[in-house]
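Summary of the model geometry
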Amino acid sequence: MSTQNLTHQEAIKKIKELSESARICMFCTELGNVPVNSRPMTLQETDDSGNLWFISSDISNKNFEIKEDRRVQLFFMNNSDSQYLSVYGNASVYKDKTTIEDKWSPLAKAWFEEGKDDPKVSIIRVEPEETYYWDTKAGKLVSLFSFVASAITGIKTNNSDGVEGNAIV
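Quick summary incoming for the structure in this document.

Calculation criteria
- Residues numbered from 1 in each chain as written.
- Predicted model: local features only at pLDDT ≥ 70, side-chain atom pairs only at ≥ 80, totals over all residues.
- Heavy atoms only, no water.
- Core = buried A, V, L, I, M, F, W, Y, C linked by side-chain atoms within 4.5 Å.
- Buried < 20%, exposed > 50% of the residue type's maximum accessible area, 1.4 Å probe, protein only.
- Contact = heavy atoms within 4.5 Å.
- Helix = DSSP H or I, 4+ residues; strand = E, 2+ residues; numbered from the N terminus.
- Lys, Arg positive; Asp, Glu negative; His and termini not counted.
- Salt bridge = Lys/Arg side-chain N within 4 Å of Asp/Glu carboxyl O.
- Polar contact = N/O pair within 3.5 Å; in protein donor to acceptor, adjacent residues only side chain to side chain.
- Pairing = 2+ DSSP bridges.

**Topic: the nonpolar core**
The biggest cluster of nonpolar side chains holds 18 residues, and the ones touching the most others in it are Phe 27, Leu 52, Phe 54, Leu 74, Phe 76 and Val 126. The contact partners of Phe 54, leaving out residues within four places of it in the chain, are Cys 25, Phe 27, Met 41, Thr 42, Leu 43, Gln 44, Leu 74, Phe 76, Ser 122, Ile 123, Ile 124 and Val 126. By size, the runner-up hydrophobic cluster in this structure holds eight residues, among which are Ile 100, Ala 108, Val 121 and Ile 123.

**Digging into the side chain of Asp 47**
Secondary-structure assignment places Asp 47 in the loop between β3 (37–46) and β4 (52–57). For the buried Asp 47, which has no salt bridge, the nearest side chain bearing the opposite charge is Lys 103, at an N-O separation of 5.2 Å. Polar contacts involving the side chain of Asp 47 include one to the side chain of Trp 53, which spans 2.9 Å. Each residue touching Asp 47, except ones within four places of it in the same chain, is listed here: Ile 12 and Trp 53.

**Remarks on the pairing of strand β7 (residues 121–135)**
Counting buried positions along β7 gives 13 out of 15 residues, so the element sits mostly inside the fold. Bridge count for β4 against β7 is six bridges, and the pairing is antiparallel. Residue pairing in the sheet places Ser 57 in a bridge with Val 121 of β7. As paired strands, strand β6 (residues 83–94) and β7 are joined by twelve bridges and run antiparallel to one another. Residue Ser 86 lies in a different strand from β7, and its bridge partner there is Tyr 132.

**What to know about the pattern of salt bridges**
In total, this model carries eleven salt bridges according to the counting rule given. Taking the shortest distance from any N to any O, the salt bridge between Arg 71 and Asp 69 comes out at 2.7 Å. Between Asp 118 and Lys 120 there is a salt bridge whose closest N-O contact spans 3.7 Å. One network of salt bridges, with partners in common, ties together Glu 45, Asp 102 and Lys 103.

**A few points about the environment of Asp 47**
The class of Asp 47 is buried, set by a relative accessible area of 15%. Each C-alpha atom of the pair Asp 47 and Lys 16 lies 7.3 Å from the other, and the pair is 31 residues apart in sequence. A polar side-chain atom of Asp 47 sits 2.9 Å from the main-chain amide nitrogen of Ser 49.

**Details of the pairing of strand β2 (residues 24–29)**
Note: β2 against β3, six bridges, orientation antiparallel. Pairing of Ile 24 across the sheet is with Thr 42, part of β3. Sheet topology note: the β2/strand β5 (residues 71–78) ladder contains four bridges and is antiparallel. Along β5, the bridge assignment pairs Met 26 with Phe 75.

Here's what the structure looks like:
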């Protein structure tokens, strides 16, 4: 399988395209425990900086787990196009009205009786640190983001399958 790296803007565009096309991911928390906790989550949006946004209940296990350990892993599948996206990053939970108003979706009302004014509504932002996608039709593994430290320093990183990847700035 060949590997390639995308530039920063190309990477963000690809993350947005793949995540918004798939819409639903397995959202994994407590990455230091085995087995990791995972649950399906619906993506609200991927912004122009590559951050992924979700609506969540502030009293969910996921939110409590994020408060203890911000590291998360997201897995998106787009089976019809044989494309798969893995996003490792840090999650932040927002409770402020401005963020809730900005990210609210009418479909979320099914989970919150009082709509966006429900006191349990929270917004989760995942800021990617390392992201890969597999295009199995083309036989490619593509590194979208390497570790933030390498993006800042320009030092190359090695991914877990031994294929060298370059930092994307």
